[in-house]
Amino acid sequence: MDTRRDAVDSFDSFRQFIGLERDVLVLSVAMFAFSLSFQMTGRYVPEYLRVLGAGATVVGLYGSVGNLIGALYPYPGGALSDRLGSRLSLTLFGTVSSAGFLFWFVAPQVPEVTLAGVSLEPWLWIFVGLFLTQAWKSFGLGATFAIVKQSVPPERLAMGFASTEIFRRVGFLLGPLIAAALLAATATFVEGFRYVLVVAAAFGIVATVAQHVLYDAREDSLGKSFEGLAQLRDDLRSLPPTLRPLLVADTLVRFANGMVYVFFVIVVTEFLAVGFTGFGVSLRPDAFFGVLLGVEMVVALLTKLPVSKLAERTGLKPVVGLGFAVYAVFPVLLIFAPADQWVVVALFAFSGLRFAGLPAHKALIVGPAERNAGGRVTGAYYLLRNTVVIPSAALGGWLYARDPTLAFSVASLVGAVGVAYFALRGKEFAAYAGGA
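For every chain, the first residue of the written sequence is number 1, and numbering continues from 1 along that sequence. At least 70 in pLDDT is required for a residue's local features to be given in this predicted model, at least 80 for side-chain atom pairs to be given and counted, and no such filter applies to totals for whole chains, interfaces and linings, which use all residues. Hydrogens and water are ignored here; the side-chain numbers use all heavy atoms of the structure.

**Topic: the overall build of the protein chain**
Moving on, step 1. When helices and strands are counted, the protein chain shows 22 helices and four strands.
Moving on, step 2. Whether two residues are in contact is decided by their heavy atoms: any pair within 4.5 Å suffices. Sequence separation of 24 or more characterises 85% of the internal contacts of the protein chain that already satisfy a separation of 6 or more.
Moving on, step 3. Here the protein chain has roughly 19000 Å² of accessible surface; of this, 67% comes from carbon and sulfur atoms. Starting at the N terminus, helices and strands are each numbered in turn, a helix being any DSSP run of H or I of at least four residues and a strand any DSSP run of E of at least two. The protein chains shown are the only cover counted for residues, whose accessible areas, like all others here, come from Shrake-Rupley with a 1.4 Å probe.

Quick look at the structure:
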């Protein structure tokens, strides 16, 4: 056996990327463009809602609606792909997502409407735009997992996921930095964010046109094997036993994060009201938040490969546990932090470590699955987890409206329960059990 061919190093993803066939390459570039658009806009929408007059409860409800869409969109997206074919579906979903960014752009200009005695305020249209912007995300999660599983030896799954994740995360890094630059160059948050939305829509439109013109899906089999809800029930029942403790712990940790995730931007811009001054620049809190997201993603990118390599020596469980622990403690650290720019920078750098454990986490999900069932196992796992997490943001918003420190403290407590459960009950993937 030629171990050199089996090895996955930090340059494998680049070599694979430049060697892709045209259709897959075009799809990859489109994924990068939409990741950029989503990251430029999504983390700022809660602040957009607040400025437009929505309270904390509404912001929390927005987060839960986003969770609902994330849980339910993939299956109807696959069914639509069956009907229309991949190329037309990708074009439709890209067009709808781009329209969603423009819908958010016009929301402040929509006058308040009274319908049947109920006032429809401008922030309501942000919810409508959310259903549109998330359309393109309906594709790819299970297929991505399955492809990596089929391409990488079981004992190197974490490294395989790390190398392929880096390309998508570059969009996550650049998006907030572009947003920060646009916000810093404008007088008010709403003015700056509307420029951000226009740029995000432009990226989406260019990506949609490019994939429609260049993408060749004649041999694509996406969606052709879905057998309906009966198959989904079977997949949920047949989750490998080793996945169940992980699923319980992961759900608790993600529920905790979901309670406060949409409020991170509001904590920085309103609760702490901390901006940045130094190196010849002065940033408002809203622009500073984009820089903080950039810092978070730089740490994520720099640590993914070393931590995934470490997992080959320590096993997957300790690395996944580390990521869970960061998720759990970050909310309470942030809400009790002093309004000091460098403390907040350090906290978001620390938060980046939660992404370092994601490749190992994905390997622990898909590793125990049968070789030809990786995509189905992944889809069932995420559907169940994301469904349970749906109400988390609404609960967090209800608590935040009463006391922000209470909401963030409860979130960390729930996360700590998930970390403890995983430490006690979590199972190691057999291929990593012996370490190096």
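Now that the structure has been shown, the text picks up again.
**Let's talk about a nonpolar patch on the surface**
Moving on, step 1. Taken together, the side chains of L102, I205, V209, V213 and L214 present a nonpolar region at the surface, about 420 Å² in accessible area.
Moving on, step 2. With four residues, the single largest contributor to the nonpolar patch is helix α11 (residues 189-214).
Moving on, step 3. For V209, the position within the fold is in helix α11. Any residue with relative accessible area above 30% and no salt bridge may belong to a patch, with like charges joined within 9 Å and the nonpolar Val, Leu, Ile, Met, Phe, Trp and Tyr side chains within 5 Å. Salt bridges are defined by distance alone: a side-chain nitrogen of Lys or Arg within 4 Å of a carboxyl oxygen of Asp or Glu.

**Quick word on α11**
Moving on, step 1. In this scheme, a helix's expected span is set at 1.5 Å multiplied by one less than its residue total. When the terminal C-alpha atoms of α11 are compared, their 37 Å separation across 26 residues agrees well with the 38 Å that a helix rising 1.5 Å per residue should span.
Moving on, step 2. Restricting attention to buried positions, one finds in α11 the residues F189, G192, F193, R194, V196, L197, A200, A201, G204, A207, T208 and Q211.
Moving on, step 3. Counted as a polar contact is a pair of N or O atoms within 3.5 Å, where, for protein atoms, one must be capable of donating a hydrogen and the other of accepting one, and residues adjacent in sequence contribute only when both atoms are in side chains. One side-chain oxygen of the residue at the start of α11 lies 3.3 Å from the amide nitrogen of E191, identifying that residue as T188. Using a 1.4 Å probe on the protein chains alone, a residue whose accessible area is under 20% of its type maximum counts as buried, one over 50% counts as exposed, and one in between counts as partly exposed.

**Overview of helix α14 (residues 264-271)**
Moving on, step 1. Burial analysis of α14 places six of its eight residues in the buried class, the great majority of the element.
Moving on, step 2. Considered for burial, the residues of α14 that qualify are F264, V265, I266, V267, V268 and T269.
Moving on, step 3. Looking at the residues trailing α14, positive phi occurs at A273, about 50 degrees.

**Some remarks on the packing of helix α13 (residues 243-260) against helix α22 (residues 404-425)**
Moving on, step 1. A fitted line through C-alpha atoms represents every axis, and for helices the fit uses only the stretch in contact; the resulting angles, taken between N-to-C directions, go from 0 to 180 degrees. As a packed pair, α13 and α22 sit with axes 8 Å apart at the nearest point and diverge in direction by 165 degrees. One way to sum up the angle between α13 and α22 is to call them roughly antiparallel. When the axes of α13 and α22 are compared, the crossing they make is left-handed. Residues P245, L246, V248, A249, L252, V253, A256, M259 and V260 of α13 pack against A407, F408, V410, A411, V414, G415, V417, G418, V419, Y421, F422 and R425 of α22.
Moving on, step 2. For this scheme, ten residues count as nonpolar: Ala, Val, Leu, Ile, Met, Phe, Trp, Tyr, Cys and Pro. Four count as charged, namely Asp, Glu, Lys and Arg, and the remainder, Gly too, count as polar. Class assignment for the residues of the contact of α13 with α22 results in 18 nonpolar, two polar and one charged. Between 65 and 115 degrees an angle is taken as roughly perpendicular, under 35 as roughly parallel, over 145 as roughly antiparallel, and anywhere else as oblique. Helix crossings fall into two classes, left-handed where the near helix is turned counterclockwise from the far one by less than a right angle and right-handed where it is turned clockwise.

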